[in-house]
Amino acid sequence: QVQLVESGGGLVQPGGSLKLSCAASGITFSAYAMRWYRQASGKERELVAGITRTGGTTNYPDSVLGRFTISRDNANNTVYLQMNSLKPEDTAVYYCNAEWIAARRSYWGQGTQVSVSS
């Protein structure tokens with residue numbers, strides 16, 4: 001059974017930091033590219049960070065570039081999202097995604113709420 005379990009969300013003031021974690025089980029973690037998405041209320045889900053299988057390449061949209069950092073620990077089947085200088089517009093449910101394109105496999109976590117407010 002495949003599971004992606006996110007943790008680390010919560011309420012933080014503007015300018016603060018949070019670190020999200022996504023622990024994977026039931027998959028060969030190192031075979032999957034990993035991504036973090038977010039979905040704010042009433043909006044479409046958007047990509048906020050991606051990392052290749054080995055962690056050698058990362059990508060970010062302009063909205064979070066320089067503030068968010070994705071990393072992975074293949075030994076512990078975990079991907080992280082360090083979020084700094086948080087803004088109210090970062091408020092959303094954050095989802096972890098594992099994708100193995102060649103095998104046409106994609107899995108999602110249940111999401112973790114991040115709220116940025118004073």
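How each quantity is defined
Residues numbered from 1 in each chain as written. Predicted model: local features only at pLDDT ≥ 70, side-chain atom pairs only at ≥ 80, totals over all residues. Heavy atoms only, no water. Disulfide = S-S within 2.5 Å. Helix = DSSP H or I, 4+ residues; strand = E, 2+ residues; numbered from the N terminus. Buried < 20%, exposed > 50% of the residue type's maximum accessible area, 1.4 Å probe, protein only. Core = buried A, V, L, I, M, F, W, Y, C linked by side-chain atoms within 4.5 Å. Contact = heavy atoms within 4.5 Å. Polar contact = N/O pair within 3.5 Å; in protein donor to acceptor, adjacent residues only side chain to side chain.

A. Summary view of the state of the cysteines. Considering all chains together, one arrives at 1 disulfide under this definition. Disulfide partner of Cys-22: Cys-96, at an S-S distance of 2.1 Å. Its S-S torsion of approximately -75° makes the covalent link between Cys-22 and Cys-96 left-handed. Taken together, the residues span a long stretch of sequence, with Cys-22 in strand E3 (residues 18-25) and Cys-96 in strand E9 (residues 92-100) at a distance of 74 residues. The class of Cys-96 is buried, set by a relative accessible area of 0%.

B. The arrangement of the nonpolar core in detail. Met-34, Trp-36, Phe-68, Val-79, Leu-81, Met-83 and Tyr-94 are the most contacted members of the largest nonpolar core, which totals 28 residues. At the level of secondary structure, the elements contributing two or more residues to this core comprise E3, strand E4 (33-39), strand E5 (46-51), strand E7 (68-73), strand E8 (78-83), E9 and strand E11 (112-116). Those residues in contact with Phe-68 that lie beyond four places of it in its chain are Arg-38, Val-48, Tyr-60, Leu-81, Gln-82, Met-83, Asn-84, Leu-86, Asp-90 and Tyr-94.

C. Fine view of the environment of Gln-113. Within the secondary structure, Gln-113 is located in strand E11. In sequence terms Gln-113 and Ala-40 are 73 residues apart; their C-alpha atoms lie 9.6 Å from each other. What Gln-113 contacts, discounting residues up to four positions off in sequence, is Gly-9, Gly-10, Thr-91, Ala-92 and Val-93. Of note is the side chain of Gln-113, whose polar atom sits 3.4 Å from the backbone oxygen of Ala-92.

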